[in-house]
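Here's the letter readout for the chains.
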Amino acid sequence: MELLHSAAIPSKQKLLIVVTISISLFTIIPLLYPFVEDPNFFLKLQHPSQTSIVKLQDSVATRRGSCDIFSGEWVLNPEAPYYTNTTCWAIHEHQNCMRFGRPDTDFIKWKWKPHGCEDDLPVFDPLRFLETVRGKTMAFVGDSVSRNHMQSLICLLSQVEYPVDASVNTSDYFKRWTYETYNFTIAPFWSTHLVKSTEPEPGKTEHSVFDLYLDEADERWTAEIGDFDYVIISSGHWHYRPSVYYENNTIIGCRYCQLPNITDFSMFYGYRKAFRTAFKAILDTETFEGVLYLRTFAPSHFEGGLWNEGGNCLRRGPYQRNETQDDVTMKLHRIQVEEFERAEVEAKRKGKRFRLLDTTQAMWLRPDGHPSRYGHLPEANVSLYNDCVHWCLPGTIVMELHLFAMLQRTPRVALTLSLVLFSLTIVPALYSLIANPTLPLLISSSETDGPFPSDHMHPSVRILPPVDSPIPAPLNYTRHRKSSYHSPPVTTSTSRTQIRDDEQRCDLFKGEWIPNEESPYYNNATCWAIQEHQNCMKFGRPDTGFMRWRWKPDGCDLPIFDPNEFLEMARGKSMGFVGDSISRNQVQSLLCLLSRVEYPEDISSSPDTAFKVWNYTSYNFTLHVMWSPYLVKTTKADPTDPECNLFNLYLDEYDTKWTSQINQLDYLVISSGHWFYRPVIFYENETISGCQYCALPNTTQLPLYYGYRKALRTSLRAILENFKGLAVLRSFSPQHFEGGPWDKGGDCVRTRPYRRNETIPEGADLKIHDIQLEEFRAAEEEMKKKGLRLRLMDTTQAMLLRPDGHPGRYGHLQTAEVSLRNDCIHWCLPGPIDSWNDILLQMMKTEK
């Protein structure tokens, strides 16, 4: 130690050493991080530079290197799809295969497995993609299959954010979609042949003979690509059509044109020339400094005839590798690759970046991925009756985005800068070590013996934990989703229920549904409280999977409802539920869950079934059910007509049928929503202020949001003035009609939950939820001032993920005449709604 003290280092040198090491860490760690995160990172970095070395042998793409993301096979992926035909508006009808009755769903359950890679091809990460392209622009140039590719990207990104239409051109062929949060723009450019083309007989596309100017690029896209950071070009299927070929503005030949004295060329001639011209246009454009991607030909899969001769694609699974091949597809692919290789050489010379997105082999193996007859109504008059060219969404084409995202991970500039900075910092550090051999000992000395006492330690120096010490977990991030489900800010420790698990906070209302083989905890034979229209098993529902899931919050487990614990906690207390039939649905679930311990006694003072009181005598616990679908004072517009469905809503007056009773309660759960979709007349200050769907003369038409906000605000004020216990606002419970509204044949036939981010609330459902959050925050602030407790049970996200949990057609006899033929609003019992009471019990425990 005396030697160390005698070898004291001057303070300037100390500072130099510390700064040098710090800068080194800040440069080398980002350099090494991708390798730590992914051991194959550097192998993948090498891959894009070798994309020109491609051969097609027996339908298999081969390249140098052990991991080839473009050669492989399709393997089952039970986690797919990552969006649905009901959650993404970008799907064109003729790719919306589920909408028009495709009976199988296996075509969305496969993923691409590259050969020779230790890891699978990562699933497309929309958040990482958007961060990568922040502030950039991307163009898709080509035909309808190119547009198909772009639609898939929009749908995948919808898990994070939907774009806004920023187009200056009204044509669907030339749009601009902007992701405002990320300042990222996507643009399609319609260019079926990539070169200048004209159609002599517009409107007769299937039979027209096109004029193709093979040595003239299509300026509709080449004139604008200088504005883009990424350009993806593709073309193919339109070159099958009859065409007249021009070069130097002179006819040099044609394909199937049947013109006299004109040489007949094969389509391969025009195809090669078109790509050569397209690449030349990019090479000659001085303004384009981005990355060009060539997406290779996406083959069609007609069997039994050509597209216009009854050909179809009826297969229900992928081909196996080497199972089949198509000579025309292989020839078109080879031409593309040859022209790409030729252009890439020139691109490197000019400092331009060309990349190959070689999806041909993968897409050739997917004859099951096309719409076939399910891209339109069966009776529709369409030009491509059996579509074996485009791709179903969701479906096979998602693989092209996985591969494209992989190709973007080539941070050459960052890599170079890190190496330069590393060289500039580590060399002086190494020199210091050579010049002072005692430096390692000085740095590793104890605080008491070393030259850097703790109270003088430089702020950039951090003592690392011993190798056996626990390393803090990395910070998690929250995905931003514009105009989608979001949670209110946590203003207090209890406004949004949190529980602790392993010292981490757990939000009960964010998570996913996981299998639960132990459920259900009651059934339709053991609980008398289930009303018939929620008794899904009674009326023949064939599947039972909807009962076998439980809600798993992020970061913790939600305990399954314990009826003994609940009743002990509620001993000597009273609880009321206020709302509509969904509120009653929750009460029925609670009655069934508690029935494992005790059945209650009906002590209601009125025969009105809308206002019930149940007493658990062993626990002196009373359960009150109070019907109030609008929460405020409501009357029928015509009291003499029992069939009248027009209501008067007094938005500033309490519904005293429940507000007069709540001072007797210890717990209060209120909720409402679906009745506000009906025709109503709004009153304020006992005067008509407007109406919704009422068709009254001289009456202002107001949206349902107006009435809903006012009614909720009034009901929360009633709680503020009359209630001293724990009040809970349960958020809106989404409906799941597909194929039409409730009164036009809409139904809910799904048999499993959505995955997280597979769907988002939208339209009126989203707006109602937003209003609830806003009014809750305002009321909570007022109640805190008075020492009152208002809590939010935000079950909207959880229930949004359960399209499988409704009665659908199984809430009644199939021959019954009912007002709600297919019920996609209420919930089967037992079923997803039981989790509401799991959450309710947890909230009660947290308050205690």
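Residues numbered from 1 in each chain as written. Predicted model: local features only at pLDDT ≥ 70, side-chain atom pairs only at ≥ 80, totals over all residues. Heavy atoms only, no water.

Under an unreviewed UniProt entry, the name given to the protein is Trichome birefringence-like N-terminal domain-containing protein, and the organism recorded is Brassica napus. Listed under Sequence similarities (unreviewed entry) in UniProt, the entry text for the protein is "Belongs to the PC-esterase family. TBL subfamily." (UniProt positions renumbered as here; feature names shortened; annotations may be inferred.)

(A) Broad picture of the overall build of the protein. Of regular secondary structure, the protein possesses 19 helices and 29 strands. The buried share of the protein, taken over its 848 residues, is 53%. Relative to all contacts within the protein whose residues are 6 or more apart in sequence, the contacts with residues 24 or more apart total 74%. Just so you have it, the protein exposes about 39,000 Å², and 53% of that area is on carbon and sulfur atoms. (Helix = DSSP H or I, 4+ residues; strand = E, 2+ residues; numbered from the N terminus. Buried < 20%, exposed > 50% of the residue type's maximum accessible area, 1.4 Å probe, protein only. Contact = heavy atoms within 4.5 Å. Areas by Shrake-Rupley, 256 points an atom, 1.4 Å probe, with all protein chains shown as cover.)

(B) A look at the state of the cysteines. Taken as a whole, this structure holds nine disulfides when the rule is applied. Across the disulfide from C506 sits C556; the S-S distance is 1.8 Å. Here the residue C506 occupies a position in strand β17 (residues 504–515), and C556 occupies one in the loop between β18 (549–554) and α13 (563–569), the gap between them amounting to 50 residues. Take C506: its relative accessible area is 0%, and that puts it in the buried class. A relative accessible area of 3% means that C556 is categorised as buried. The disulfide that involves C527 links it to C592, with 2.0 Å between the sulfurs. In this structure the cystine formed by C527 and C592 twists about its S-S bond by roughly -85 degrees; its chirality is therefore left-handed. Residue C527 is found in the loop between β17 and β18, and its partner C592 is found in helix α14 (residues 581–594); the two are separated by 65 residues along the sequence. You can call C527 buried: its relative accessible area is 4%. Accessibility expressed as a relative area gives 0% for C592, which makes it buried. (Disulfide = S-S within 2.5 Å.)

(C) Geometry of the pattern of salt bridges. Inspection of every chain in the model, using the stated rule, returns 38 salt bridges. E847 is paired through a salt bridge with R791; the nearest N and O atoms lie 2.7 Å apart. Of this pair, E847 sits in helix α19 (residues 834–847) while R791 sits in strand β29 (residues 789–793), and the two are 56 residues apart along the sequence. Through salt bridges that share partners, K280, D284, E346, R349 and K350 make up one connected network. (Salt bridge = Lys/Arg side-chain N within 4 Å of Asp/Glu carboxyl O.)

(D) Molecular detail of the pairing of strand β8 (residues 184–190). Judged by how many residues are buried, β8 sits mostly within the fold: seven of seven residues are covered. The side-chain alternation of β8 yields two buried faces, one formed by F184, I186, P188 and W190 and the other by T185, A187 and F189. By the bridge criterion, six bridges tie strand β5 (residues 137–142) to β8 in an arrangement that is parallel. Within β8, the position partnered with G142 by the bridge is W190. Pairing analysis gives three bridges linking strand β7 (residues 177–179) to β8, with the strands arranged antiparallel. Looking across to β8, one finds that T178 is bridged to T185. Between β7 and β8, which pair antiparallel and follow one another directly, the connecting turn spans four residues, one of which, N183, has a positive phi of 50 degrees. (Pairing = 2+ DSSP bridges.)

(E) Layout of the pairing of strand β11 (residues 230–233). Taking every second residue as pointing to the same face, both faces of β11 are buried, with Y230 and I232 on one and V231 and I233 on the other. Where β11 meets strand β14 (residues 291–295), four bridges bridge the pair, whose relative direction is parallel. Of the residues in β14, the one forming a bridge with I233 is L294.

(F) Up close: the nonpolar core. Counting 51 residues, the largest nonpolar core has F566, M575, F621 and L623 as its most contacted members. The dominant element in this core, judged by the number of residues it contributes, is α14, at seven residues. Listed in part, the 40 residues of the second largest apolar core include L651, F723, I771 and L790. (Core = buried A, V, L, I, M, F, W, Y, C linked by side-chain atoms within 4.5 Å.)

(G) The sheet that holds β14, seen in detail. The seven strands lie next to each other as β6-β7-β8-β5-β11-β14-β15, forming an open sheet whose pairing is mixed. The open sheet is flanked by β6 (164–165) and β15 (353–357), the only strands paired with a single partner. Contacting β5, β7, β8, β14 and β15, helix α5 (residues 144–157) runs over the sheet at an angle of about 160 degrees to β8. Against the sheet, helix α7 (residues 267–284) touches β11, β14 and β15, its axis set at about 170 degrees to β14. (Axes fitted to C-alpha atoms, helices over the stretch in contact; angles between N-to-C directions.)

(H) Representation of the packing of aromatic side chains within the structure. A complete count under the given rule lists 33 aromatic pairs for this structure. Judged by centre distance (6.0 Å) and plane angle (70 degrees), the rings of F129 and F184 are edge-to-face. Here F129, found in helix α4 (residues 126–132), pairs with F184, found in strand β8; they are 55 residues apart in sequence, far enough to count as distant. Both residues of the pair, F129 and F184, count as buried. Seen in terms of ring centroids, Y630 and F676 are 5.1 Å apart; in terms of plane orientation they differ by 80 degrees. Their pairing is edge-to-face. Here the residue Y630 occupies a position in the loop between β22 (621–627) and β23 (632–636), and F676 occupies one in the loop between β25 (667–670) and β26 (680–684), the gap between them amounting to 46 residues. Each member of the pair Y630 and F676 is classed as buried. By the ring-pair criterion, three or more aromatic residues cluster together here, those being W627, Y630, F647, W675, F676 and Y708. Taking the ring centre of W74 as reference, the NZ or CZ of R366 above it sits at 4.6 Å. (Phe/Tyr/Trp six-rings, centres within 6.5 Å; stacked < 30°, edge-to-face > 60°. Lys NZ or Arg CZ within 6 Å of the ring centre and 35° of its normal.)

(I) How the structure looks around the packing of helix α16 (residues 704–722) against helix α17 (residues 763–785). It is at 10 Å that the axes of α16 and α17 come closest, and there the two elements cross at 30 degrees. When the interaxial angle is binned, α16 and α17 end up roughly parallel. Our pair here, α16 against α17, has a crossing hand that is right-handed. Residue-level contacts link L704, Y705, Y708, R709, L712, R713, L716, I719 and L720 of α16 to G763, A764, K767, I768, I771, Q772, E774, E775, F776, A779, E782 and M783 of α17. Residue classes in the contact of α16 with α17 are distributed as 13 nonpolar, two polar and six charged. (Parallel < 35°, antiparallel > 145°, perpendicular 65-115°, else oblique. Left-handed = near helix turned anticlockwise from the far one by under 90°. Nonpolar A, V, L, I, M, F, W, Y, C, P; charged D, E, K, R; others polar.)

(J) Quick peek at the packing of α7 against helix α8 (residues 327–349). Relative orientation of the contacting elements α7 and α8 amounts to 25 degrees, with a least axis distance of 10 Å. It follows from the interaxial angle that α7 and α8 lie roughly parallel. Of the two possible hands of crossing, α7 and α8 adopt the one that is right-handed. For the pair α7 and α8, the contacting residues are M267, F268, Y271, R272, F275, R276, F279 and L283 in the first and V328, K331, L332, I335, Q336, E338, E339, F340, R342, A343, E346 and A347 in the second.

(K) Seen up close, α5. Taking 1.5 Å of rise per residue, the 14 residues of α5 would be expected to cover 20 Å, and the 20 Å separating its terminal C-alpha atoms lies within 8% of that figure. Within α5, 14 of the 14 residues are buried, which leaves it mostly tucked inside the rest of the structure. N-cap assignment for α5: the residue whose side-chain oxygen lies 3.1 Å from the backbone N of V145 is D143. (Expected span 1.5 Å × (residues − 1). Polar contact = N/O pair within 3.5 Å; in protein donor to acceptor, adjacent residues only side chain to side chain.)

(L) The arrangement of α8 in detail. Spanning 23 residues, α8 covers 34 Å between terminal C-alpha atoms, matching the ideal 33 Å at 1.5 Å per step. Those residues of α8 lying buried are T329, M330, L332, H333, I335, Q336, V337, E339, F340, A343, E344 and A347. Residue G351 follows α8 closely and has a positive phi angle near 75 degrees.

(M) Structural context of unusual backbone geometry. Residues A80 and P81 are joined by a peptide bond in cis, for which omega reads 0 degrees. Assignment of secondary structure puts P81 in the loop between β3 (68–76) and β4 (110–115). Of the consecutive residues S519 and P520, the connecting peptide bond is found in the cis state with omega at 5 degrees. Examined against the element boundaries, P520 turns out to sit in the loop between β17 and β18. The backbone of Y256 sits at a positive phi, close to 55 degrees, despite the residue not being glycine. Mapping Y256 onto the fold places it in the loop between β13 (250–255) and α7. On the basis of relative accessible area, Y256 is assigned to the exposed category, the value being 53%.

(N) The arrangement of the side chain of R730 in detail. By the secondary structure assignment, R730 is in strand β28 (residues 726–730). Buried and unpaired, R730 has D580 as its nearest opposite-charge partner, separated by 5.0 Å. A polar side-chain atom of R730 sits 3.5 Å from a polar atom in the side chain of Q586. The residues contacting R730, other than those within four sequence positions of it, are I582, S583, Q586, V669, I670, S671, Q772, M793, T795 and W836. (Lys, Arg positive; Asp, Glu negative; His and termini not counted.)

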